[in-house]
Amino acid sequence: MPIDHHLLALFELLRIPTISGQSEHAEDMMKACKWLKHAFEKIGFMSEILPTGGHPLVYAEHLHAGPDKPTVLIYGHYDVQSPDPLREWTTKPFDPEIRGSNIYARGVADDKGQLYTWIAAVGDWLEEHKTLPANIKFLIEGEEEVATHNLVEFIGENQSLLQADICFISDSHCLSEDQPLIDYGLRGIVYAEISVHTFPRDVHSGIYGGNVYNPLEVLAKILSQLKDERHLVTIPGFYDRVRELSREEALELAESPFNEEQIMRETGAKAVVGEVVYSPAARAGARPTLDVHGVWGGYSGEGAKTIIPAEAHAKVSMRLVPYQSADHIFQRFERYVLSLAPDGVDVDVHHLSSGEPILMDRDNKFFKKAELAYKKVFGKKPLYQLSGGSIPITATLKTLLNMDSVLMGYGLPDDGLHSPNEKMSVSMFKKGIETNKELLSLLAE
Ligand code: BES
Ligand code: MN
Ligand code: MN
């Protein structure tokens, strides 16, 4: 397969290991910002690297279409999640490679390849026409994958800089190579860490076992009480504000191809479980959930070591739906976890990050334009879905700037986001560029 200049450029970006969750990558974050700034300047945009309380972001603009033309904000993120476990990758995560019809690299679908479809489309357009059909701003952040609050603050302080009629985001997926999809809602998230401490240091389990609490067991007991056998979260008040689906939405979701077979095929799971009265698509998009991401403590090295560990920890997150609020749910979670702690054991709950859930206004005229653009390139109108994932900026844009986002992704469901061997289809990358160009031409009308 011949590698064109857009793919070559994308490969350069993919080689920078922009893992936002690991502080040793701070220099790589800056390197990616410089690369992006240069990419924007090359296509004729004014661009700046802007500091935030955390990793910097890249802003770029081309505002020469005139006041009668719409102003559009295009958002993407240059940060990625950690590639571990490394031994499961066929080729190195930051050494992009094309195998078959896919590009393999950490961050290729989430979100470097998808965000680059916009830089490529706008760049091609400018090269051909010298002007753009809309006033265009780019905001490319470096902390999406860690959901820190720095962007909320940044948007609050830069409201006029970011003002636009609509935000376009390509950071999600189509249902297949020929069935496009628009997500009209995203879940929010609350991420927390639970720590259990009993005594200052590990002790001999033969001498003290049978007389003291074991923090790993206390933690396991707490975690096991967060959901019941019906897969419902047991935190008091957790479901209080959950939005009910309209009849149309429930029908739409029931027909979604995101069914049991697809989930088993994509994940390798041998069973699909969840709240019985909801379809898999409704469980993922319209219902809140809770998951444990990691548990650690004690001895897990080679051979036997007979200790009672002094501490144990777990990472837990909850996905939220409209109209739950992250602060409210964190308070409920903390109170409930603390209530499960036995006397004589220190349990604390630490808040790591939050993002609010969001529901878009599907009547927004830009959704119609996105539909037309997709139809032109993919041959089919997009379906609408409530996504289970989270993109925290969307809710911030809505509350602070009253801006809707059109989530038009170019990934595929089996791209393996956050997993080993993440990939993006070369043809989806190209279709993405074409769709964005169609959309640009529709913006002028
Ligand atoms: N691009 C994803 C979110 C996504 C995936 C939306 C698939 C729609 C379809 C995003 O990069 C992501 O992974 N977000 C994190 C946010 C979290 C760390 C706050 C997520 O959802 O886990
Ligand atoms: Mn993403
Ligand atoms: Mn992600």
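Parameters and conventions
- Residues numbered from 1 in each chain as written.
- Chains lettered and ligands numbered in written order.
- Predicted model: local features only at pLDDT ≥ 70, side-chain atom pairs only at ≥ 80, totals over all residues.
- Heavy atoms only, no water.
- Helix = DSSP H or I, 4+ residues; strand = E, 2+ residues; numbered from the N terminus.
- Contact = heavy atoms within 4.5 Å.
- Areas by Shrake-Rupley, 256 points an atom, 1.4 Å probe, with all protein chains shown as cover.
- Lys, Arg positive; Asp, Glu negative; His and termini not counted.
- Charge placed at Lys NZ, Arg CZ, Asp CG, Glu CD.
- Donors = N, O, S within 2.8 Å, 3.2 Å for Na, K, Ca; no water.
- Tetrahedral: all angles 85-135°; square planar, octahedral: opposite > 155°, others 65-115°.
- Buried < 20%, exposed > 50% of the residue type's maximum accessible area, 1.4 Å probe, protein only.
- Domains from an automatic or database assignment.
- Buried area = accessible area lost by both parts, 1.4 Å probe.
- Salt bridge = Lys/Arg side-chain N within 4 Å of Asp/Glu carboxyl O.
- Polar contact = N/O pair within 3.5 Å; in protein donor to acceptor, adjacent residues only side chain to side chain.
- Nonpolar A, V, L, I, M, F, W, Y, C, P; charged D, E, K, R; others polar.
- Near = heavy atom within 4 Å.
- Patch = residues over 30% accessible without salt bridge, like charges linked within 9 Å, V, L, I, M, F, W, Y side chains within 5 Å.
- Pairing = 2+ DSSP bridges.
- Axes fitted to C-alpha atoms, helices over the stretch in contact; angles between N-to-C directions.

Peer 1: What exactly am I supposed to notice about the overall build of the protein chain here?
Peer 2: The number of helices and strands found in the protein chain is 14 helices and 18 strands. With the C-alpha coordinates of the protein chain rotated into their principal frame, the extents come out at 80 × 50 × 45 Å. Across the protein chain, the fraction of contacts at a sequence separation of at least 24, relative to all contacts at a separation of at least 6, is 79%. For the protein chain, the computed accessible surface area is about 20,100 Å², with 51% contributed by carbon and sulfur atoms. A gap of 3 Å separates the mean positions of the 43 positive and 64 negative side-chain charges of the protein chain.

Peer 1: Help me understand the coordination of the manganese ion (ligand 2) in this model?
Peer 2: Note on metal sites: the ideal angle is 109.5 degrees for four tetrahedral donors, and 90 or 180 degrees for six octahedral donors. The protein atoms that coordinate the manganese ion (ligand 2) are H77 (NE2), D110 (OD), D171 (OD) and D171 (OD), at distances of 1.9 to 2.4 Å. Classification of the site at the manganese ion (ligand 2) as irregular follows from its six donor atoms and the range of 57 to 164 degrees in their angles at the metal. In this structure the manganese ion (ligand 3) is found 3.7 Å away from the manganese ion (ligand 2), and D110 serves as a bridging donor for the pair. Of this pair, D110 sits in helix α3 (residues 108-129) while D171 sits in the loop between β7 (166-169) and β8 (181-186), placing them 61 residues apart in sequence. Classification of D110 by relative accessible area gives buried; the value is 7%.

Peer 1: Sorry if this is basic, but what is going on with the side chain of T117 here?
Peer 2: Within the secondary structure, T117 sits in helix α3. Setting aside residues no more than four positions away along its own chain, T117 makes contact with Y410, F429, G432, I433 and N436.

Peer 1: So what exactly am I meant to see when it comes to the coordination of the manganese ion (ligand 3) here?
Peer 2: Coordination of the manganese ion (ligand 3) by the protein is provided by D110 (OD), E145 (OE), E145 (OE) and H418 (NE2), with metal-donor distances spanning 2.1 to 2.6 Å. Coordination at the manganese ion (ligand 3) is irregular, judged from the six donor atoms that bind it and the angles of 55 to 159 degrees they form at the metal. All donors of the manganese ion (ligand 3) come from a single chain, and their spacing in sequence reads D-x34-E-x272-H.

Peer 1: Could you clarify how one ought to interpret the domain arrangement of the protein chain in this entry?
Peer 2: Many descriptions give the size of an interface as the accessible area lost when the pieces come together. Domain parsing of the protein chain yields domain 1 (5-186 + 357-443) and domain 2 (188-242 + 288-355). Here the C-alpha centroids of domain 1 and domain 2 sit 35 Å apart. Taken together, the eleven residues of domain 1 in the interface contact twelve residues of domain 2. Carbon and sulfur atoms make up 62% of the surface buried where domain 1 meets domain 2, a total of about 770 Å² over both sides. Where domain 1 touches domain 2, the interface holds zero salt bridges. Put simply, domain 1 and domain 2 have one residue pair in polar contact (both at pLDDT 80 or more) between them. Per-class residue counts for the side of domain 1 that touches domain 2 are seven nonpolar, four polar and no charged.

Peer 1: In this structure, what is going on with the environment of Y410? I would like to understand it.
Peer 2: Take Y410: it is sitting in the loop between β17 (405-408) and β18 (423-425). In the structure, Y410 is positioned 14 residues away from M424 in sequence and 8.6 Å away in space, judged by C-alpha atoms. Non-local contacts of Y410, meaning those with residues more than four positions away in its chain, are made with Q114, T117, S170, S172, Y374, F378, M424, M428, G432, T435 and N436. Looking at Y410, its side chain comes within polar contact range of the side chain of N436, at 2.7 Å.

Peer 1: Explain the site of ligand 1 to me, please; I cannot follow it from the model alone.
Peer 2: Taken together, the neighbourhood of ligand 1 is formed by 17 residues, with D110, E144, D171, R319 and S390 sitting nearest. Note that a nitrogen atom of ligand 1 is positioned 2.8 Å from one of the side-chain N or O atoms of D171. Taking R319, its side chain carries an N or O atom lying 2.7 Å from an oxygen atom of ligand 1. For ligand 1, the protein covers 90% of the area, taking 520 Å² as the surface of the free molecule.

Peer 1: Any chance you could explain a nonpolar patch on the surface here in plain terms?
Peer 2: Together, I207, Y208 and V212 give the surface a local cluster of nonpolar side chains, amounting to about 280 Å² of exposed area. Note that Y208 resides in helix α6 (residues 205-208). Judged by relative accessible area, which is 41%, Y208 ranks as partly exposed.

Peer 1: Looking at this model, I keep getting lost on the sheet that holds strand β5 (residues 102-104). Mind explaining?
Peer 2: Backbone-to-backbone hydrogen bonds pair the strands of a sheet. The strands run either parallel or antiparallel. Spatial strand order, β4-β5-β18: three strands in an open sheet with antiparallel pairing. Of all strands in the sheet, those bounded by a partner on one side alone are β4 (97-99) and β18. If you compare each strand with its neighbour and ignore which way they point, the axes differ by 30 degrees on average. As paired elements, β4 and β5 share three bridges and run antiparallel to each other.

Peer 1: Can you help me understand the pairing of β8 in this one?
Peer 2: Note on strand geometry: in a regular strand, side chains alternate between the two faces of the sheet. Here β8 lies mainly inside the structure; six of its six residues are buried. Pairing of β8 with strand β16 (residues 383-386), which is carried by four bridges, proceeds in the parallel orientation. Within β16, the position partnered with I182 by the bridge is Y384. By the bridge criterion, two bridges tie β8 to β17 in an arrangement that is antiparallel. Bridge assignment links D183 to a residue of β17, and that residue is L407. Taken together, the two bridges between β8 and strand β15 (residues 358-359) define a ladder with antiparallel strand orientation. Paired with G185 across the two strands is L359, which belongs to β15.

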